[in-house]
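In case you want the letters, here they are:
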Amino acid sequence: MIKFFLLPGIIVHELSHALLCLVTGTTIKELNIFKPVSGTIKYDRPKVPFLFDFFIASSPLFGCAFALVVTSIILGNPIRVDETLPNEFTYSLQAVFEYAKYSLDIIWLTLNKFWAQGFHTVGSVLFFLASIIFTVAMAPQKSDIKYIVLGFLVLGLSLFGLEWIDISLLKYKWWQEILDNSWKTISYILSVLLTILLITAIVVGLINAIKLIFGRKV
């Protein structure tokens with residue numbers, strides 16, 4: 001039932017892979033997006049290893065985020081979570097604890113925002129469900145994780161290198177707008193995922209507690 005509920009996200013996930021396969025000229029061997037359990041896509045080795053692997057593997061992150069933004073626009077932006085995570089991070093133990101505290105705060109702010117604005121209209125309910133569907137559907141497969149981690153690491157180091165040699169992209173207004181809008185979207189997605197994780201942990205904890213009380217094996 002859960003997989004069937006997440007089917008729209010699975011479809012967007014697999015179509016994102018398929019689109020990047022077409023863009024990179026990678027041959028698709030098998031594509032099945034209407035399986036309630038999980039979508040399926042198989043493709044040949046990309047013509048440019050690693051680079052195209054990264055593009056294809058990371059495509060659902062952008063595809064699902066785009067689907068979520070489009071859904072919000074269609075529904076008239078029924079829910080706005082304006083709080084964002086800090087976009088700067090200092091390497092210290094205190095900064096780690098402060099970031100963890102801010103993550104907990106944003107969970108509380110997200111719950112309050114949904115409680116205040118959500119569940120009062122059909123649009124807000126649909127957007128709440130879409131937020132769950134598309135954020136969960138972003139999860140990469142195990143085989144894609146290595147390309148995503150290495151790819152974003154190389155991308156981050158490349159941007160850092162450009163700044164280091166005094167070639168700053170931040171002087172361009174279009175780049176600044178991309179960063180600002182992307183970070184707002186990322187903050188919203190993370191706030192939803194963290195909130196889902198907290199609620200799931202509470203529910204699982206209650207279920208295990210009930211099993212333990214009634215003497216059933218946990």
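Residues numbered from 1 in each chain as written. Predicted model: local features only at pLDDT ≥ 70, side-chain atom pairs only at ≥ 80, totals over all residues. Heavy atoms only, no water.

Some remarks on the overall build of the chain
Thinking step 1. Of the regular secondary structure elements, the chain holds seven helices and two strands.
Thinking step 2. If you list the helices and strands of the chain from N to C, you get α-α-β-β-α-α-α-α-α.
Thinking step 3. Counting all 218 residues of the chain, 30% fall into the buried class.
Thinking step 4. At a minimum sequence separation of 6, the contacts of the chain that also span at least 24 residues come to 68%. (Helix = DSSP H or I, 4+ residues; strand = E, 2+ residues; numbered from the N terminus. Buried < 20%, exposed > 50% of the residue type's maximum accessible area, 1.4 Å probe, protein only. Contact = heavy atoms within 4.5 Å.)

What to know about the environment of Leu61
Thinking step 1. Note on placement: Leu61 falls in helix 3 (residues 51–74).
Thinking step 2. The exposure class assigned to Leu61 is partly exposed, which follows from its relative accessible area of 25%.
Thinking step 3. Sequence spacing of Leu61 and Phe134 is 73 residues, and the spatial spacing of their C-alpha atoms is 9.2 Å.
Thinking step 4. Setting aside its immediate chain neighbours within four residues, Leu61 contacts Met138, Ile148 and Phe152.

Examining the side chain of Thr135
Thinking step 1. Tracing the sequence through the fold places Thr135 in helix 5 (residues 122–136).
Thinking step 2. Here the side chain of Thr135 touches Ile132 through a polar contact of 3.2 Å, landing on its backbone oxygen.
Thinking step 3. Excluding anything up to four places from it in sequence, Thr135 contacts Leu68, Ile189, Val192, Leu193 and Ile196. (Polar contact = N/O pair within 3.5 Å; in protein donor to acceptor, adjacent residues only side chain to side chain.)

Topic: the pattern of salt bridges
Thinking step 1. The tally for this structure, following the rule as stated, stands at two salt bridges.
Thinking step 2. Of the charged contacts in the structure, one is a salt bridge between Glu30 and Lys42, with a shortest N-O distance of 3.8 Å. Taken together, the positions of Glu30 in strand 1 (residues 28–32) and Lys42 in strand 2 (residues 40–43) put the pair 12 residues apart, joining distant regions of the chain.
Thinking step 3. Using a relative accessible area of 35% as the deciding quantity, one classes Glu30 as partly exposed.
Thinking step 4. Assessed through its relative accessible area of 47%, Lys42 is described here as partly exposed.
Thinking step 5. We note a salt bridge from Asp53 to Arg45, for which the minimum N-O separation is 3.4 Å. (Salt bridge = Lys/Arg side-chain N within 4 Å of Asp/Glu carboxyl O.)

Here we look at unusual backbone geometry
Thinking step 1. Of note, Phe50 is a non-glycine position whose phi angle comes to about 70°, a positive value.
Thinking step 2. Looking at the element boundaries, Phe50 is found in the loop between strand 2 and helix 3.

A short note on the packing of helix 3 against helix 7 (residues 173–213)
Thinking step 1. In the contact formed by helix 3 and helix 7, the axes pass within 11 Å of each other and the chain directions differ by 95°. One finds that helix 3 runs roughly perpendicular with respect to helix 7. Packed against helix 3, whose contacting residues are Ala65, Leu68 and Val69, the element helix 7 presents Thr185, Tyr188 and Ile189 at the interface.
Thinking step 2. Taken together, the residues that form the contact of helix 3 with helix 7 break down as five nonpolar, one polar and no charged. (Axes fitted to C-alpha atoms, helices over the stretch in contact; angles between N-to-C directions. Parallel < 35°, antiparallel > 145°, perpendicular 65-115°, else oblique. Nonpolar A, V, L, I, M, F, W, Y, C, P; charged D, E, K, R; others polar.)

Quick look at the nonpolar core
Thinking step 1. Of all hydrophobic cores here, the largest spans 14 residues; its most connected members are Cys64, Leu68, Phe134, Met138, Tyr188 and Ile189.
Thinking step 2. Of all elements in the fold, only helix 3, helix 5 and helix 7 reach the threshold of two or more residues within this core.
Thinking step 3. When residues no more than four places from it in sequence are discounted, the contact partners of Phe134 are Pro8, Gly9, Val12, Cys64, Ala67, Leu68 and Thr71. (Core = buried A, V, L, I, M, F, W, Y, C linked by side-chain atoms within 4.5 Å.)

These values are about where atoms sit, not about what they do.
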